[in-house]
Amino acid sequence: MAQIVASCQQMMMVKPPVSASSSRMMINSSAVVFGANAKTNSFSMLSSASCIASVKPLLSCNITSKPSKSDKVITREMCQSTESKPILPGLPIDLRGKRAFIAGIADDNGYGWAIAKSLAAAGAEILVGTWVPAMNIFETSLRRGKFDASRVLPDGSLLKITKVYPLDAVFDNPEDVPQDINANRRYAGYSNWTVQEVAECVKKDFGTIDILVHSLANGPEVSKPLLETSRKGYLAAISASSYSFVSLLKQFVPIMNPGGATLSLTHVASTRIIPGYGGGMSSAKAALESDTRVLAFEAGRRYKVRVNTISAGALGSRAAKAIGFVDTMIEYSINNAPLQKELAADEVGNAAAFLLSPLSSAITGSVVYVDNGLNAMGVAVDSPVFGDLYITKGD
Ligand SMILES: NC(=O)c1ccc[n+]([C@@H]2O[C@H](COP(=O)([O-])OP(=O)(O)OC[C@H]3O[C@@H](n4cnc5c(N)ncnc54)[C@H](O)[C@@H]3O)[C@@H](O)[C@H]2O)c1
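Residues numbered from 1 in each chain as written. Predicted model: local features only at pLDDT ≥ 70, side-chain atom pairs only at ≥ 80, totals over all residues.

The test is simple: UniProt positions are given in the numbering used here, feature names are shortened, and annotations may be inferred rather than shown by experiment.
In the annotation of an unreviewed UniProt entry, the protein is listed under the name enoyl-[acyl-carrier-protein] reductase (NADH) and assigned to Papaver nudicaule. UniProt annotates the protein under Subunit (unreviewed entry) with the comment "Homotetramer." The record in UniProt for the protein states the following under Subcellular location (unreviewed entry): "Plastid, Chloroplast".

A few points about the environment of Val 368
Let me state the cut-off plainly: Secondary structure counts use DSSP, requiring at least four H or I residues in a row for a helix and at least two E residues in a row for a strand, with both numbered from the N terminus. Placing a C-beta atom from the backbone of each residue, one calls two residues in contact when those atoms lie within 7 Å.
Among the secondary structure elements, Val 368 is positioned in strand 10 (residues 367-370). Taking the C-alpha atoms as reference, Val 368 lies 4.8 Å from Ile 310; in sequence the two are 58 residues apart. When neighbours within four sequence positions are excluded, Val 368 is seen to be in contact with Asn 308, Ile 310, Ser 311, Ala 351 and Leu 355.

Quick notes on the packing of helix 1 (residues 111-121) against helix 9 (residues 345-355)
Each pair of packed helices gets described by two things: the angle between the helix axes and the distance between those axes. Just so we agree on the cut-off: Only C-alpha atoms enter the line fits that serve as axes; for helices the fit covers just the stretch in contact. Angles between N-to-C directions range over 0 to 180 degrees. Between 65 and 115 degrees an angle is taken as roughly perpendicular, under 35 as roughly parallel, over 145 as roughly antiparallel, and anywhere else as oblique. Each crossing gets its hand from how the near helix is turned against the far one by less than a right angle, where anticlockwise is left-handed and clockwise is right-handed. Three classes are used, and their members are as follows: Ala, Val, Leu, Ile, Met, Phe, Trp, Tyr, Cys and Pro are nonpolar, Asp, Glu, Lys and Arg are charged, and the others, Gly among them, are polar.
In contact at an axis separation of 8 Å, helix 1 and helix 9 are set at 55 degrees when each is read in the N-to-C sense. Relative to helix 9, helix 1 is oriented oblique. For the pair helix 1 and helix 9, the sense of crossing is right-handed. Taken together, the residues of helix 9 that come into contact with helix 1 (itself represented by Tyr 111, Ala 114, Ile 115, Lys 117, Ser 118 and Leu 119) are Ala 345, Asp 346, Val 348, Gly 349, Asn 350, Ala 352 and Ala 353. Class assignment of the residues belonging to the contact of helix 1 with helix 9 gives a composition of 8 nonpolar, 3 polar and 2 charged.

Things to note about the site of the ligand
What counts here: For each residue, a C-beta atom is placed from the backbone, and the residue counts as near a molecule or strand when that atom lies within 6 Å of it.
Taken together, the neighbourhood of the ligand is formed by 28 residues, with Gly 110, Leu 216, Leu 265, Ser 317 and Ala 319 sitting nearest. Of all elements in the fold, only helix 1 and helix 7 (318-323) reach the threshold of two or more residues within the shell around the ligand. Among the elements that line the shell around the ligand, the one with the most residues is helix 7, at 3 residues. Of the residues contributing to the shell around the ligand, the split by class is 18 nonpolar, 8 polar and 2 charged.

Observations concerning the sheet that holds strand 9 (residues 306-312)
Definition in use: Think of it this way: DSSP has to see at least two bridges between two strands before they count as a pair.
Taking strand neighbours across the sheet as the criterion, the 7 strands line up as 6-5-4-7-8-9-10 in an open arrangement whose pairing is parallel. Taken across any chain shown, the strands that pair with only one partner, and hence form the sheet edges, are strand 6 (161-167) and strand 10. In this sheet, neighbouring strand axes are inclined to one another by 20 degrees on average, regardless of whether the strands run parallel or antiparallel. As paired elements, strand 9 and strand 10 share 4 bridges and run parallel to each other. Looking across to strand 10, one finds that Ile 310 is bridged to Val 368.

Okay, structure coming up:
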């Protein structure tokens, strides 16, 4: 029987004065700064921001300072400055002077990392929120240069992350955190990681942001069919994968500049049957897409901020590999999608940069498919029932 294709699938806010351009700084454990040439960086010290959990020497970079609205001095990496870049010809995505907070990066494999690279390539400053249990390994890997090869941007410079904040997006404020999490050794040494606290820290450190990206999901029972999913597992999937977006917007949109834009990542399982994407994850993505529309109205009217989501095709990220059948989905897409190629994370990153830029200033409340077109298919053309029918051939 023909298989029906379910369209599968650094700066720191320091109190003035800060000495000028050749100042060197030390970054604490949650402020990771990468210069254009990591090998030439050295350590030195400035005062630490109040939202920082502990102090460890990391990489440093030349900095310069400029007054912010709040009377404080924001120090900015000279090597990161985009203001001196020439205006490009054509219709470039220009995010110079914009600051992005990306929630959900813990390695260099996922969509969050690719989006960070595209936004940085367009000139945006990058802040990152990393799941608390993954903070140590992510920071250590960054510091030791494990990601250096994948930090390279199209112009040859390296992705710079101004600061990494510990974050657990299933907790809105400290009152929500149960005792077992507080006592968990993977959370020891970190503080201010609930959504509300992270937003407060970002506000304290930087004042405002322009771009918010939600690139995180978690469903503890994802490998179970929905019929076998427990209430606890289902609600956990919704909490981590969709309410987390509502919570991030609730806390961050008030510190976003008008004209700002937000983005999440969804999956076609929200509207089509994808066996294997279980545990309530399909429900969570459906909620995320519905919330995208409602939040677009509310954030648009109240704050002039846009809200969109990208429905991405299959990528062998850490999270997707944990689900177990992502390689099959990649192969399925190559065999059946209009565009017969493996989806690259950069393709989602570049679409995200467009959706987060002024070039898409009239797009909000949208689900944008970046999946080689697989969502548009109605049948699996590699099904044996089609045999040698000419209609299934691509040429
Ligand atoms: N990989 C795919 O095939 C695919 C397809 C469509 C959509 N997506 C979506 O893309 C987004 C990014 O996923 P990815 O596949 O790039 O994998 P990923 O592993 O790179 O990203 C998931 C991130 O979520 C973080 N996370 C989990 N629980 C968290 C919490 N409570 N608080 C903060 N962070 C938390 C993880 O640490 C990880 O960094 C997710 O929304 C996912 O559903 C992925």
